Amino acid sequence: MSREFTNKLHDMVAEDRISEGQLLACCLIWMSEQNVEDMCNNMPELAELFEEEEIYLDIVEGDEVYWNDPDEGACSGKYIVISIDTDGGRVLSGDDMVTIGNSLEDFAVPASEIE
């Protein structure tokens, strides 16, 4: 297997034509979940980090979720996750804010109110 594109990207980072952060963002968008899982499980330094971190709610942008409105005491319907408002883009606690929306409204709610 040729590593032509990998080598070109490596050179671009070395020449400051693209930042490491930009490259990482592109890779995580375009890599399949299986590729990312394989990478995390096969790189000891990443595997160690994943063992330490507990994800509170396993959702990503674009997921369909239900919001439990505490004022109504009931599920208020289906919404789409617009953004996960944390540094890492993952929900690590029930207090983390998640922006959800539907065709009528968008709003931020604590992760503990999402199912």
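(A) Representation of the overall build of the protein chain within the structure. Along its length, the protein chain carries four helices and four strands. Each helix (α) and strand (β) of the protein chain, taken in turn from the N terminus, gives the series α-α-α-α-β-β-β-β. With the principal axes as the frame, the protein chain shows a C-alpha extent of 55 × 30 × 25 Å. Here the protein chain, with 115 residues, has 23% of them falling under the buried criterion. Considering only contacts in the protein chain between residues 6 or more positions apart, those separated by 24 or more positions represent 29%. Total accessible area on the protein chain is roughly 8,700 Å²; 51% of this is exposed by carbon and sulfur atoms. Taken as two groups, the 5 positive and 29 negative side-chain charges of the protein chain have centres that lie 16 Å from each other.

(B) Structural view of a negative patch on the surface. Taken together, the side chains of Glu33, Glu37, Asp38 and Asp58 define an acidic patch exposed on the protein surface. Mapping glutamate 37 onto the fold places it in helix H3 (residues 33-42).

(C) A look at the nonpolar core. By size, the foremost hydrophobic cluster in this structure holds 14 residues, and its most contacted members are Ile59, Val65, Val91, Val98, Ile100 and Ile114. With three residues, strand S2 (residues 74-84) is the largest single contributor of residues to this core. Filtering out sequence-adjacent residues up to four positions away, valine 65 remains in contact with Ile59, Gly77, Lys78, Tyr79, Val81, Ile100, Ile114 and Glu115.

(D) Main features of the confidence of the model for the protein chain. On average, residues of the protein chain score 84 in pLDDT, and 91% of them are at 70 or above. In the model of the protein chain, helix H4 (residues 44-52) stands out as the element of lowest mean pLDDT, 72, in contrast to strand S3 (residues 97-101), which has the highest, 92.

(E) Summary view of the packing of aromatic side chains. Inspection of the entire model under this criterion finds three aromatic pairs. The ring of phenylalanine 5 carries the charged tip of lysine 8 above its face, separated from the ring centre by 5.9 Å.

(F) Structural view of the side chain of aspartate 96. In this fold, aspartate 96 is placed in the loop between S2 and S3. The buried charged residue aspartate 96 lacks any salt bridge, with arginine 90 as its nearest oppositely charged partner at 8.7 Å. A polar atom in the side chain of aspartate 96 sits 3.1 Å from the backbone nitrogen of serine 93. In this view, aspartate 96 contacts Thr86, Arg90, Val91, Val109, Pro110 and Ala111; residues no more than four positions away in its chain are not counted.

(G) Layout of the pattern of salt bridges. Across all of its chains, the model carries three salt bridges by this definition. The closest approach of N and O atoms between glutamate 4 and lysine 8, which form a salt bridge, is 3.2 Å. One end of the pair, glutamate 4, and the other, lysine 8, are both in helix H1 (residues 4-14), four residues apart, so they sit about a helical turn from each other. Where arginine 17 meets glutamate 15, a salt bridge forms, and the shortest distance between an N and an O atom there is 3.5 Å. When its relative accessible area of 60% is taken as the criterion, arginine 17 is described as exposed.

Rules used in this analysis
Residues numbered from 1 in each chain as written. Predicted model: local features only at pLDDT ≥ 70, side-chain atom pairs only at ≥ 80, totals over all residues. Heavy atoms only, no water. Helix = DSSP H or I, 4+ residues; strand = E, 2+ residues; numbered from the N terminus. Buried < 20%, exposed > 50% of the residue type's maximum accessible area, 1.4 Å probe, protein only. Contact = heavy atoms within 4.5 Å. Areas by Shrake-Rupley, 256 points an atom, 1.4 Å probe, with all protein chains shown as cover. Lys, Arg positive; Asp, Glu negative; His and termini not counted. Charge placed at Lys NZ, Arg CZ, Asp CG, Glu CD. Patch = residues over 30% accessible without salt bridge, like charges linked within 9 Å, V, L, I, M, F, W, Y side chains within 5 Å. Salt bridge = Lys/Arg side-chain N within 4 Å of Asp/Glu carboxyl O. Core = buried A, V, L, I, M, F, W, Y, C linked by side-chain atoms within 4.5 Å. pLDDT = per-residue confidence, 0-100. Phe/Tyr/Trp six-rings, centres within 6.5 Å; stacked < 30°, edge-to-face > 60°. Lys NZ or Arg CZ within 6 Å of the ring centre and 35° of its normal. Polar contact = N/O pair within 3.5 Å; in protein donor to acceptor, adjacent residues only side chain to side chain.

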